[in-house]
Amino acid sequence: MMLLSSLMERLMINSIVIFALTGIIALIKRLLKNHLTYKAQHRIWYLLLFVLAIPFLPLPLLEAGHGLGLFGRLGGAFTPANAPASSPSYGTGITGLLEDFSISVSRRTSLPFQWCLPYLWVLGIGVTSLVNIISEIRIRQVRQVSLPLQNRQIKAVFDSCLREMGIKKEIPVYSSACLSSPVAAGFIKPVIIIPMHMLSEFTEREIRYILLHELTHIKHRDLYLNRLLALAQVLY
C-alpha cells in the first residue's frame, strides 16, 4: 500500500511536468515550424516518452518525497558559493524550492478518500488494458478476413510508392469491407489494409496519397511508438 501511495505521488507530480512540457514543445513547434524538418517535429515528442517513464524508474532519486532530488542537486549547483546559509534570497537554492513543492503536493493529496486512489488507478489500468486488447483482437480479425490486393493498377501505384519512400522490404497490401479508413497494422510484420469502397470510389491519385501516408507510418516506426503510447495510456 505504501508503494502504491508513493507511486501515486510521483504520477501526480509527473503529470504537472508533462502538462508543462507539452505546452513548451507545442510552442517550440509553432515558433520553429519553418526551420524544423518533418522528422524533427515528429521526434521532438519522443521526449515525452522519457518523462512518462520517470515515475517507474527504480532509482533511489525517485523514492517517496524525493522524486525531484536529481533536479534539486542540479539546482544547488547554481546557488552562489558566497551566499550566507540564512540568506532569504538563496537559502537552499532551487533544491529547497523543489522540495517545498514536492512536500506541498504530498500534503495536499492527503484527502479523506486518498486510500482508494491506488485501487482506482489499478482499476483504470485493468479497464484501459481491456480496451487495448479488444482493439488489438479486432485488428487481427480484420487482417485475417482481408483479401490480398488484386487491382493491378493499384499494385503498380504501391510499388511506385515503395520506391519513392526508399522501402525495400516487402509490405503486403490488403483490402477489407470491415474498415471505413485505411490502417497500417502489424508490430513485427507490418501490412496495409485499405477499405474496399476506397478502391472504387477514390481516384488513383488519392489512393497514392493514402498509400504514401501509411508507408510513412511504417518507415518512421510509428507502429512501435503507438505501442509505447498505448502503454502510457494504460499507466496514466
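Draft legend 1. How the structure looks around the overall build of the protein chain. Regarding its fold elements, the protein chain presents ten helices and four strands. Counted from the first residue to the last, the protein chain has its helices and strands arranged as α-α-α-α-α-α-β-α-β-β-β-α-α-α. Contacts in the protein chain between residues at least 24 apart in sequence constitute 66% of all its contacts with a sequence separation of at least 6. In the form shown here, the protein chain has an accessible surface area of approximately 15900 Å², with 64% of it arising from carbon and sulfur atoms.

Draft legend 2. Molecular detail of a nonpolar patch on the surface. Taken together, the side chains of Ile 24, Leu 27, Ile 28, Leu 31 and Leu 32 make up a nonpolar region of the molecular surface, amounting to roughly 440 Å² of accessible area. By the secondary structure assignment, Leu 31 is in helix H1 (residues 2-31). Judged by its relative accessible area of 60%, Leu 31 falls in the exposed class.

Draft legend 3. Examining the pairing of strand S4 (residues 191-195) more closely. Counting buried positions over the five residues of S4 gives five, a clear majority of the element. Where burial is concerned, the two faces of S4 agree: the one with Val 191, Ile 193 and Pro 195 and the one with Ile 192 and Ile 194 are both buried. For strand S2 (residues 173-176) and S4, the ladder comprises four bridges, and the chain directions are parallel. Residue pairing for S4: Val 173 is matched across the bridge by Ile 192. Pairing geometry for strand S3 (residues 183-185) and S4, over three bridges, is antiparallel. Paired with Ala 184 across the two strands is Ile 192, which belongs to S4. Two successive antiparallel strands, S3 and S4, enclose a turn made up of five residues, where Gly 186 displays a positive phi of approximately 110°.

Draft legend 4. Representation of the sheet that holds S4 within the structure. With mixed pairing, the four strands of this open sheet are ordered in space as S1-S2-S4-S3. Of all the strands in the sheet, the pair left with one neighbour each is strand S1 (147-148) and S3.

Draft legend 5. Highlighting the side chain of Ser 146. Considering the arrangement of structural elements, one finds Ser 146 in the loop between helix H6 (117-145) and S1. When its relative accessible area of 6% is taken as the criterion, Ser 146 is described as buried. Polar contacts involving the side chain of Ser 146 include one to the main-chain carbonyl oxygen of Val 142, which spans 2.5 Å.

Draft legend 6. Region of interest: a positive patch on the surface. A contiguous patch of positive charge on the surface is contributed by Lys 39, Arg 43, Lys 169, Lys 219 and Arg 221. Under the relative-accessibility criterion, Lys 39 is labelled partly exposed at 41%.

Draft legend 7. Structural context of the confidence of the model for the protein chain. Looking at the protein chain as a whole, the pLDDT averages 75, with 73% of positions reaching at least 70. The secondary-structure element of the protein chain with the lowest mean pLDDT is helix H4 (residues 69-76), recorded at 41, while S4 shows the highest, at 92. Predicted confidence is poor over residues 62-99, with pLDDT under 50, and the contacts of this stretch with residues over four places away or in other chains come to 29 contacts.

Draft legend 8. Examining the pairing of S2 more closely. In this structure, S1 lies alongside S2, joined through two bridges in antiparallel fashion. Considered in S2, the bridge of Pro 148 is made with Tyr 174.

Draft legend 9. Region of the structure containing the pattern of salt bridges. Taken as a whole, this structure holds three salt bridges when the rule is applied. Note that Glu 136 is salt-bridged to Arg 140, the shortest N-O span being 3.4 Å. Taken together, the residues Glu 136 and Arg 140, both in helix H6 and four residues apart, mark about one turn of the helix. Notably, a salt bridge pairs Glu 136 with Arg 227, separated by 3.4 Å at the nearest N-O pair. With a gap of 91 residues between them, Glu 136 in helix H6 and Arg 227 in helix H10 (residues 222-235) connect regions that are remote in the sequence.

Draft legend 10. Seen up close, H10. With 14 residues, H10 ought to run about 20 Å at 1.5 Å a step, and its terminal C-alpha atoms sit 20 Å apart, in line with that. Where H10 is concerned, the buried positions are Asp 222, Leu 223, Leu 225, Ala 232 and Val 234. Each element contacted by the buried residues of H10 is listed here: helix H2 (38-43), helix H3 (46-53), H6, S3 and helix H9 (204-219).

Calculation criteria
Numbering of residues begins from 1 in every chain and follows the order in which that chain's sequence is written. Only residues with pLDDT of at least 70 are given local features in this predicted model, and only at 80 or more are side-chain atom pairs given and counted; all residues enter the totals for whole chains, interfaces and linings. Heavy atoms from the whole structure form the basis of all side-chain values; hydrogens and water molecules are not counted. To qualify as a helix, a DSSP run of H or I must reach at least 4 residues; to qualify as a strand, a run of E must reach at least 2; elements of each kind are numbered from the N terminus. Whether two residues are in contact is decided by their heavy atoms: any pair within 4.5 Å suffices. To be clear on the numbers: accessible area is Shrake-Rupley with a 1.4 Å probe, and residue cover counts the displayed protein chains and nothing else. Only residues whose relative accessible area exceeds 30% and that form no salt bridge enter a patch; like-charged residues are grouped when within 9 Å of one another, and nonpolar side chains (Val, Leu, Ile, Met, Phe, Trp, Tyr) when within 5 Å. We count a salt bridge whenever a side-chain nitrogen from Lys or Arg sits within 4 Å of a carboxyl oxygen from Asp or Glu. Accessible area is worked out with a 1.4 Å probe on protein chains only. A residue is then buried under 20% of its type maximum, exposed over 50%, and partly exposed in between. Strand pairing is assigned whenever DSSP identifies at least 2 bridges connecting the two strands. Under this definition, polar contacts are N or O atom pairs within 3.5 Å; protein pairs additionally need one hydrogen-donor-capable and one acceptor-capable atom, and for neighbouring residues in sequence, both atoms have to be side-chain atoms. Neither His nor the chain termini are counted; the positive set is Lys and Arg, and the negative set is Asp and Glu. For charged residues, the charge sits on one atom: NZ in Lys, CZ in Arg, CG in Asp, CD in Glu. The quantity called pLDDT is the predictor's confidence in a given residue, expressed from 0 to 100. The span you would expect from a helix comes to 1.5 Å times its residue count less one.

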